[in-house]
Amino acid sequence: MKKILFTYDLNKEGSESKRAQLREAIVSTFPTRWSRLTTTWIVETHSSAAQVRDWVSTFLDANDELFVVDITGQEAAWQGIDAKGSEWLVDVLKR
């Protein structure tokens, strides 16, 4: 399975309800997921980066921003992530 990282900015004022809706959709769509940063996610999926982009885009307005990248098999490093988050990253990213 692929490991896809995506991050987004919801630029419209008052987008808290949209942020909550998108978070719920991500949680229900991707059983294996990680998000320790507000709008940055790593998910495990059979979908391509473009397919994830297209899916997330259905929740965004025209002025919102989205970045999606396939990080499968890529080197990773982090700092300031708690032990539970670090264990998840080590486990999932090395699969």
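For the structure itself, consult the block above.
Residues numbered from 1 in each chain as written. Predicted model: local features only at pLDDT ≥ 70, side-chain atom pairs only at ≥ 80, totals over all residues. Heavy atoms only, no water.

1. Details of the pairing of strand E3 (residues 40-45)
The condition that has to hold: A simple rule labels every residue: compare its accessible area, found with a 1.4 Å probe on the protein chains alone, to the largest value its type can have, and call it buried under 20%, exposed over 50%, or partly exposed in between. Secondary structure is summarised from DSSP: a helix means a run of H or I of at least four residues, a strand means a run of E of at least two, and numbering begins at the N terminus for each. Between any two strands, pairing holds if DSSP finds at least two bridges.
By the criterion of burial, E3 is predominantly enclosed, with six of the six residues buried. Burial of E3 is two-sided: the residues Thr-40, Ile-42 and Glu-44 facing one way and the residues Trp-41, Val-43 and Thr-45 facing the other way are all buried. When strand E1 (residues 2-9) meets E3, the two strands line up antiparallel, connected through six bridges. Note that in E3 the partner of Lys-2 across the bridge is Thr-45. Between strand E2 (residues 33-37) and E3, which pair antiparallel and follow one another directly, the connecting turn spans two residues.

2. Considering helix H3 (residues 83-93)
For clarity, the threshold we go by: Each C-beta atom gives one direction from the helix axis, and the arc is the one those directions make. For this analysis, residues touch if any pair of their heavy atoms sits within 4.5 Å.
Those residues of H3 that fall on the buried side of the exposure criterion are Gly-85, Ser-86, Trp-88, Leu-89, Val-92 and Leu-93. Around the axis of H3, the buried residues are gathered within 160° of arc, so they sit on the same side. Exposed residues lying more than 90 degrees from the buried face of H3 are Ala-83, Lys-84 and Glu-87. Tucked inside the fold, the buried residues of H3 contact E1, E2 and E3.

3. Thoughts on the pattern of salt bridges
Selection rule: Just to be clear on terms, a salt bridge is a Lys or Arg side-chain nitrogen sitting within 4 Å of an Asp or Glu carboxyl oxygen.
Enumeration according to the criterion identifies six salt bridges in this entry. Among the ionic pairs, Arg-36 bridges to Asp-82, the shortest N-O distance being 3.7 Å. Within this pair, whereas Arg-36 is found in strand E2, its partner Asp-82 is found in the loop between strand E4 (65-70) and H3, the two being separated by 46 residues in sequence. Here Asp-82 falls in the partly exposed class, since its relative accessible area comes to 42%. A salt bridge links Asp-54 to Arg-53; the shortest N-O distance between them is 2.9 Å. What you see here is one network of salt bridges that share partners, running through Lys-18, Asp-61 and Asp-64.

Geometry only, nothing functional implied.
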